[in-house]
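Structure assessment
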Amino acid sequence: QVQLVESGGGLVQAGGSLRLSCAASGRTFSSYAMGWFRQAPGKEREFVAAITWSGGSTKYTDSVKGRFTISRDNAKNTVSLQMNSLKPEDTAVYYCAATRIGTLYTKTPTRISTYDNWGQGTQVTVSS
């Protein structure tokens, strides 16, 4: 198991930027594939971005491609989500997630059930 703590959320105007960070406990962070998900009020949790163990491969949901960038620093046990050109529809609680199940991640990196470690979430609010 790995403990995940998100930070960096807040209130920003449309067109602005935020950088979310997720700090992970433990010495095996590099063995986890990582993902970011979000949940808006009244909606289901949805996939945002994911990154492989080494950081060599990333995946994004279509609505954030070109605006968001996921990255990781295995030496610091952190994964980040740089969010640019934010829109009001990006408003949500953002969650960091981790999985060591390589075969599952390879097949379904966007699925919630792929991940078995979750943070508590950080609120992102984008005003129009």
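Residues numbered from 1 in each chain as written. Predicted model: local features only at pLDDT ≥ 70, side-chain atom pairs only at ≥ 80, totals over all residues. Heavy atoms only, no water.

Bringing the environment of Gln123 into the picture now. As for its position among the elements, Gln123 is in strand S11 (residues 122-127). Taking the C-alpha atoms as reference, Gln123 lies 9.6 Å from Ala40; in sequence the two are 83 residues apart. Not counting residues within four places of it along the chain, the set of residues in contact with Gln123 comprises Gly9, Gly10, Thr91, Ala92 and Val93. At a separation of 3.5 Å, a polar atom in the side chain of Gln123 contacts the main-chain carbonyl oxygen of Ala92. Engagement of the side chain of Gln123 in a polar contact is seen with the side chain of Thr125, the distance being 3.3 Å. (Helix = DSSP H or I, 4+ residues; strand = E, 2+ residues; numbered from the N terminus. Contact = heavy atoms within 4.5 Å. Polar contact = N/O pair within 3.5 Å; in protein donor to acceptor, adjacent residues only side chain to side chain.)

One pass over the full model with this rule turns up one disulfide. Put simply, Cys22 and Cys96 are joined by a disulfide, and their sulfur atoms are 2.1 Å apart. On the sign convention where negative is left-handed, the bridge of Cys22 and Cys96, at about -80° about the S-S bond, is left-handed. Pair noted here: Cys22 is in strand S3 (residues 18-24) and Cys96 is in strand S9 (residues 92-99), with a separation of 74 residues, a long-range link. The same class applies to Cys22 as to Cys96, namely buried. (Disulfide = S-S within 2.5 Å. Buried < 20%, exposed > 50% of the residue type's maximum accessible area, 1.4 Å probe, protein only.)

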